[in-house]
Amino acid sequence: MEPDQIRDWLCGPMVAVATPFTEDFELDLEALHNNIRFMIDGGVRTGQGSLLVGGAGGEHPLLNAEERKLVMSTAMEAANGEAPVLSSIQHTDSRVIIELARHASEIGLDGAQLGPTYYYQPSEGDVLRLFEMVAKESDVQLMIYHTWWDGLTMSIDLLKRLSDIESVRSLKWSSGDVGHYRKGLVELSDKLVMIDNSGQQTTSHLLGARGFITHLSGFWPAYPLEIWQLLEKRDYAAVTARLIEFKYKWSEWVGKVIAFTGGEGPFIKAAMEEVGLTVGPPRLPSVRAPEHLLEELRELLSSAGVPKV
């Protein structure tokens, strides 16, 4: 995808793609390939969706560097140029970040998600130095990931300085402060492709966002695509109605899973398995959702008319 035309191809639902494992917790690359084809066949295509592999939804903290590279390469092969592919390159070690960034560039990945290093809370200067270093060591296009829950809320000034780096093209955006969130959209949407990560599809679209993060396309690609098409028509009343029909109920169920076991893998993979996809368990210490929650999920998916594979 051409970086200068990014607003044409990086838009719509950005799917947080699960990383499949076998029952003994090894990578299942064949399943990853097949699941990506399922999403693309379901409408996740250039101009109306993108794939974010190896992120939190893909359990990246539980993958080593070589596994993360394999996930990137497999996703690129599976997508076959039909949908943009991005991947997380976040890590606590800046040397590993550079290694992942260079691999992303070598295989032609369409973008790399980068947030501040974590565990030690960084300063804004640390963040700026990190992005400048990655931009110097690799030409991969960067998407800023605003991980404010890890302790640093980036100022609008810092985000503007990051946007001045040539390879920084987009921002996966949320904030714990409503005013900061809205100000970021208003002041940055002309410079960066804004991808909402807060579940505020209508507000973000009104203020300039060009897409939103979703787990739902992993098992029901038609639903987020319908939401996006309604947003583009500015039929916000219909968007709200469709979100009420399923998304809000899904979010309540997800909260129950998170109270039982950590990570994003358990709830994403549960829904994917229920519709008939192969995705395997989350990696330990996370575990599959218990049977009583799976039964609730079956009822939820059935009542919403979610199709089986």
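Refer to the structure presented above.
Predicted, not measured: the structure shown is a model, and the values here were computed from it. (Residues numbered from 1 in each chain as written. Predicted model: local features only at pLDDT ≥ 70, side-chain atom pairs only at ≥ 80, totals over all residues. Heavy atoms only, no water.)

### Some remarks on the overall build of the protein
- Scanning the protein for helices and strands turns up 12 helices and 8 strands.
- Here the C-alpha radius of gyration of the protein, 18 Å, is about what a compact globule of 309 residues would show, namely 19 Å.
- Projected onto its principal axes, the C-alpha coordinates of the protein cover approximately 50 × 45 × 35 Å.
- In the protein, buried positions account for 55% of the 309 residues.
- Intrachain contacts of the protein at a sequence separation of at least 6 include 71% that bridge at least 24 residues.
- Carbon and sulfur atoms form 50% of the exposed surface of the protein, whose accessible area is close to 12,900 Å².
- Between the centroid of the 28 positive side chains of the protein and the centroid of its 43 negative side chains there is a distance of 4 Å. (Helix = DSSP H or I, 4+ residues; strand = E, 2+ residues; numbered from the N terminus. Rg over C-alpha atoms; globule rule 2.2 N^0.38 Å. Buried < 20%, exposed > 50% of the residue type's maximum accessible area, 1.4 Å probe, protein only. Contact = heavy atoms within 4.5 Å. Areas by Shrake-Rupley, 256 points an atom, 1.4 Å probe, with all protein chains shown as cover. Lys, Arg positive; Asp, Glu negative; His and termini not counted. Charge placed at Lys NZ, Arg CZ, Asp CG, Glu CD.)

### Quick word on the nonpolar core
- Within the largest apolar cluster, 54 residues are counted, with the highest numbers of intra-cluster contacts made by Leu-51, Ile-89, Phe-131, Val-134, Ile-144, Leu-159 and Leu-162.
- Apart from residues lying up to four places away in sequence, Leu-51 is in contact with Val-15, Val-17, Ile-36, Met-39, Ile-40, Val-44, Ala-79, Ala-83, Pro-84, Val-85 and Leu-86.
- One finds Phe-212, Phe-246, Ala-289 and Leu-293 within the second-largest nonpolar core, a separate group that totals 34 residues. (Core = buried A, V, L, I, M, F, W, Y, C linked by side-chain atoms within 4.5 Å.)

### With respect to the side chain of Gln-113
- Within the secondary structure, Gln-113 sits in strand 4 (residues 111-114).
- Side chain to side chain, Gln-113 and Gln-90 meet in a polar contact 2.5 Å long.
- If we ignore the near neighbours within four places in the chain, the residues touching Gln-113 are Leu-52, Ser-87, Ser-88, Ile-89, Gln-90, Met-143, Tyr-145 and Lys-172. (Polar contact = N/O pair within 3.5 Å; in protein donor to acceptor, adjacent residues only side chain to side chain.)

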